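Coordinate analysis (summary)
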Amino acid sequence: MTGSRSRDSEQVTQKPNSDSDPASKKARGLTIEGYPVEGLSIGGHETCIIFPTLNLSFDIGRCPQRAISQDFLFISHAHMDHIGGLPMYVATRGLYSMKPPTIIVPTCIKEDVEQLFEVHRKMDQSELNHNLVGLDVGEEFYLRKDLKVKAFKTYHVIPSQGYVVYSIKQKLKQEYIGLSGNKLKT
Ligand SMILES: [Zn+2]
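All figures in this text were calculated on a predicted structure; none of them were measured in a lab. (Residues numbered from 1 in each chain as written. Predicted model: local features only at pLDDT ≥ 70, side-chain atom pairs only at ≥ 80, totals over all residues. Heavy atoms only, no water.)

Next up on the list: the nonpolar core. Formed by 19 residues in total, the largest nonpolar core has its most connected members in I60, I75, L86, Y89, I103 and V113. Only β4 (46-51), α2 (86-95), β7 (102-106) and α3 (107-124) provide two or more residues apiece to this core. Beyond its immediate chain neighbours, meaning those up to four positions away, V113 contacts I83, L86, V105 and L132. Counting 17 residues, the second-largest nonpolar core is a separate cluster that includes F51, F58, F72 and L143. (Core = buried A, V, L, I, M, F, W, Y, C linked by side-chain atoms within 4.5 Å. Buried < 20%, exposed > 50% of the residue type's maximum accessible area, 1.4 Å probe, protein only. Helix = DSSP H or I, 4+ residues; strand = E, 2+ residues; numbered from the N terminus. Contact = heavy atoms within 4.5 Å.)

Running from N to C, α2 and α3 cross one another at 55°; their axes reach a closest spacing of 11 Å. Relative to α3, the element α2 lies oblique. You can see that α2 and α3 cross each other, and the crossing is right-handed. Where α2 approaches α3, its residues L86, P87 and V90 are matched on the opposing element by V113, L116, F117 and H120. For the contact of α2 with α3, a count of residues per class yields six nonpolar, one polar and no charged. (Axes fitted to C-alpha atoms, helices over the stretch in contact; angles between N-to-C directions. Parallel < 35°, antiparallel > 145°, perpendicular 65-115°, else oblique. Left-handed = near helix turned anticlockwise from the far one by under 90°. Nonpolar A, V, L, I, M, F, W, Y, C, P; charged D, E, K, R; others polar.)

Glancing now at the sheet that holds strand β6 (residues 72-74). Spatially, β3-β4-β5-β6-β7-β8 is the arrangement adopted by the six strands of the open sheet, whose pairing is mixed. The sheet is open, and its two borders are formed by β3 (38-42) and β8 (131-135), each paired with just one other strand. Put simply, the sheet's adjacent strands are angled 20° from each other on average, direction ignored. Summarising the sheet, strand β5 (residues 56-58) and β6 pair through three bridges and their orientation is parallel. Each bridged residue has a counterpart across the sheet, and for L56 the counterpart in β6 is F72. (Pairing = 2+ DSSP bridges.)

Quick look at the side chain of T154 now. Within the secondary structure layout, T154 lies in the loop between β10 (147-153) and β11 (161-167). Look at T154 and you get buried, because its relative accessible area is 8%. Only 2.6 Å separates the side chain of T154 from the side chain of S160, close enough to count as a polar contact. A distance of 3.2 Å separates a polar side-chain atom of T154 from the backbone nitrogen of Q161. Sequence-distant contacts of T154, defined by excluding residues within four places in its chain, comprise S160, Q161 and G162. (Polar contact = N/O pair within 3.5 Å; in protein donor to acceptor, adjacent residues only side chain to side chain.)

Below, the structure is given as C-alpha cells:
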C-alpha cells in the first residue's frame, strides 16, 4: 500500500527542486513513498499534483504542461483553482492525438461536468473525447489490476473528497489465482 493522498491542500505551496531551501539542494525532487511527485498548489489560484510514474494527476489547476501527459485525472472538488483547466486538459490531449483521458470526479458533480463539456463542444464543435467516471466516498477505481484508488471524505465549504492510492501486490502463486477465499483456507 502506498500512502499517496491528494487532500485539499490549498495552503500548501509545493515547489519541487526549489532553490530557496538549502536543504533540498541535493534533492532530485519530491517523492512520496518512493513515487516522484510534481506540481503546484497555490491557494485560490491553482492546484495540480502529478505522480508521473503512476500516470495520474490529482486536480488539474490551470492545466500545467506536465499534467497533459497523465492518462488519469482525479478531481477533489469543483472550485475553479482545482478544476478550471479541465477542458484545456481534454482539448490539448485531443490536439496531440493522445488517447482519451479517464477523469474521475465526485459523483455529485458528474452531471455538471458532462454539461460543461457539452457547452464547449457546442461552442467549438470539437469532440473533447474522454471517459468520465463518478466516484463516491468509499468507492474504488482500478487504474490497473495492480493499482487502485479509493475516495475518502474531506471537509471543505463545498462537497470534496481525497483519494488514496493502493498498489496491489500479487502474492498468490499462479495456481491459486481464481480460487475463493474458502477454498484457499482448506
Ligand atoms: Zn476549494
